[in-house]
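Summary of the model geometry
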Amino acid sequence: MGVNQGVSGFERSGNPETPNLEVEIGRIRMKNPVTVGSGTFGFGQEMADFYDLSRLGAITVKGTSLKPWLGNDYPRTVETPSGMLNAIGLQNDGIDSLINEKLPFLRQFDVPVIVNIVGHSVDEYAELAARLDNVEGVAGLEINISCPNVKQGCLVFGTTPEGTAEVVSAVRARTGLTVITKLSPNVGDIVTIALAAVEAGSDALSLINTLLGTAIDPWQRRFRLANITGGLSGPAIKPVALRMVYDVARAVDVPIIGMGGIMTATDAIEFLLAGANAIAVGTANFVNPMAAVEIIEGIEDYCKSNGVSDVNEIVKTVS
Ligand SMILES: Cc1cc2nc3c(=O)[nH]c(=O)nc-3n(C[C@H](O)[C@H](O)[C@H](O)COP(=O)(O)O)c2cc1C
């Protein structure tokens, strides 16, 4: 019988008054299970005005390509019921700017940095992985094979098991960093794609990216986004994301970072119960810059008030 067998039925190895919040995603050790959704947190500079970034379990930075990408025409975002559509098109300044300007800023914080990488070809992903392999302050790579708003590349890979495997193994071959593959919900069977990513050497998975959608202005008779379609995020997608995390968690044995509409600690707990080992706060950052910190505190409160001494105990325990 374990030490401190709990009244709630959880096997306790510690003290629920000071619950362990630490989780591991591959070789990335997070002090709590909360990171941020790539593209919703920039490179941390603006958010550092609101709180000490070291409070986060990890920082996942905006999608980064080899050369700067200009992104799509405006308008690029539109609000929808319980969510937003975005078609930014992965505008970013490229990897040199990440290495020379953004990472030195992030290195002052005691927090692992995950770099989200995007490319137009398998070779571009592989080169990004090689360039970032020994860069100080990079803990892991998140392969974005699931961006819905870029016409060439990206989504093309993430919609088939073969395309997914090709990108993941090319990245795997060029880096010793923890590799996380970010899955698209815009596929027929996300479990097949998840299995292909793991088989090809992905250490972990993150899901979900945005769901493809559109919005129309009936008075102007025009699309509201210059790109016509965009990616839907926010509370509207939470039930879809939860279901996908649940399905994938039952099929793979690598850690999962769950995301999609997480606005509160209660949302985050639901993802952990469904099978996520960590979670990412995305669109919520635009609504409430303190959201991620409030969610960390809320997870801790949940553990304390439910006799949970280690947050890992509740992962995949929904019935
Ligand atoms: C404005 C915006 C930009 C995004 N940029 C990226 C990106 O660069 N790379 C990526 O993998 N996902 C990107 N995403 C997707 C988010 O990281 C996240 O997967 C998605 O929004 C679902 O989570 P949420 O509903 O909590 O926002 C972006 C989302 C938004 C809203």
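Residues numbered from 1 in each chain as written. Predicted model: local features only at pLDDT ≥ 70, side-chain atom pairs only at ≥ 80, totals over all residues. Heavy atoms only, no water.

Re the site of the ligand
The environment of the ligand is formed by 23 residues, the closest being Ser38, Lys182, Gly234, Gly261 and Thr283. The contact in question runs from an oxygen atom of the ligand to an N or O atom on the backbone of Ser38, over 2.8 Å. One of the backbone N or O atoms of Gly234 is found 2.8 Å from an oxygen atom in the ligand. Contact with the protein chains covers 96% of the free accessible surface of the ligand, which is 610 Å². Split by residue class, the shell around the ligand holds 6 nonpolar, 16 polar and 1 charged. (Near = heavy atom within 4 Å. Polar contact = N/O pair within 3.5 Å; in protein donor to acceptor, adjacent residues only side chain to side chain. Areas by Shrake-Rupley, 256 points an atom, 1.4 Å probe, with all protein chains shown as cover. Nonpolar A, V, L, I, M, F, W, Y, C, P; charged D, E, K, R; others polar.)

With respect to the pairing of strand S4 (residues 59–64)
Side chains on a regular strand alternate between the two faces of the sheet. A large share of S4 lies buried, amounting to 6 of its 6 residues. The pairing of S4 with strand S7 (residues 113–117) spans 4 bridges and is parallel. Counted as the bridge partner of Ile59 is Val113 from S7. (Buried < 20%, exposed > 50% of the residue type's maximum accessible area, 1.4 Å probe, protein only. Helix = DSSP H or I, 4+ residues; strand = E, 2+ residues; numbered from the N terminus. Pairing = 2+ DSSP bridges.)

Notes on the packing of aromatic side chains
Inspection of every chain in the model, using the stated rule, returns 2 aromatic pairs. Where Phe105 meets Phe109, the ring centres are 5.5 Å apart and the plane angle is 65°; that geometry is what we call edge-to-face. When its relative accessible area of 15% is taken as the criterion, Phe109 is described as buried. For Arg76, the ring lying beneath its charged end belongs to Tyr74, and the centroid distance is 4.3 Å. Sitting above the plane of the Phe43 ring, Lys102 keeps its charged end 4.7 Å from the centroid. (Phe/Tyr/Trp six-rings, centres within 6.5 Å; stacked < 30°, edge-to-face > 60°. Lys NZ or Arg CZ within 6 Å of the ring centre and 35° of its normal.)

So, the side chain of Thr80
With respect to the helices and strands, Thr80 occurs in strand S5 (residues 77–80). At 3.4 Å, the side chain of Thr80 forms a polar contact with the backbone nitrogen of Met84. Discounting chain neighbours no more than four positions away, the residues touching Thr80 are Leu85 and Leu232. (Contact = heavy atoms within 4.5 Å.)

Details of the nonpolar core
The biggest cluster of nonpolar side chains holds 94 residues, and the ones touching the most others in it are Leu132, Leu207 and Ile279. Ranked by residue count, the leading element in this core is helix H9 (residues 291–305), at 7 residues. In contact with Leu207, not counting residues within four places along its chain, are Leu183, Ile190, Met244, Val245, Val248, Ile256, Ile257, Gly258 and Met259. Ranked by size, the runner-up nonpolar core spans 5 residues in total, among them Val78, Ala87, Ala215 and Leu225. (Core = buried A, V, L, I, M, F, W, Y, C linked by side-chain atoms within 4.5 Å.)

Overview of a nonpolar patch on the surface
There is a patch of nonpolar side chains on the surface, built from Ile216, Phe223 and Ile228 and spanning about 270 Å² of accessible area. By the secondary structure assignment, Ile216 is in strand S12 (residues 216–217). (Patch = residues over 30% accessible without salt bridge, like charges linked within 9 Å, V, L, I, M, F, W, Y side chains within 5 Å. Salt bridge = Lys/Arg side-chain N within 4 Å of Asp/Glu carboxyl O.)

Quick word on the sheet that holds S4
The parallel open sheet is built from 8 strands, whose spatial order is S3-S16-S15-S10-S9-S8-S7-S4. The sheet is open, and its two borders are formed by strand S3 (34–36) and S4, each paired with just one other strand. Strand-to-strand twist across the sheet, computed as the mean angle between neighbouring axes with direction ignored, equals 25°. Pairing analysis gives 3 bridges linking strand S10 (residues 204–207) to strand S15 (residues 256–258), with the strands arranged parallel. (Axes fitted to C-alpha atoms, helices over the stretch in contact; angles between N-to-C directions.)

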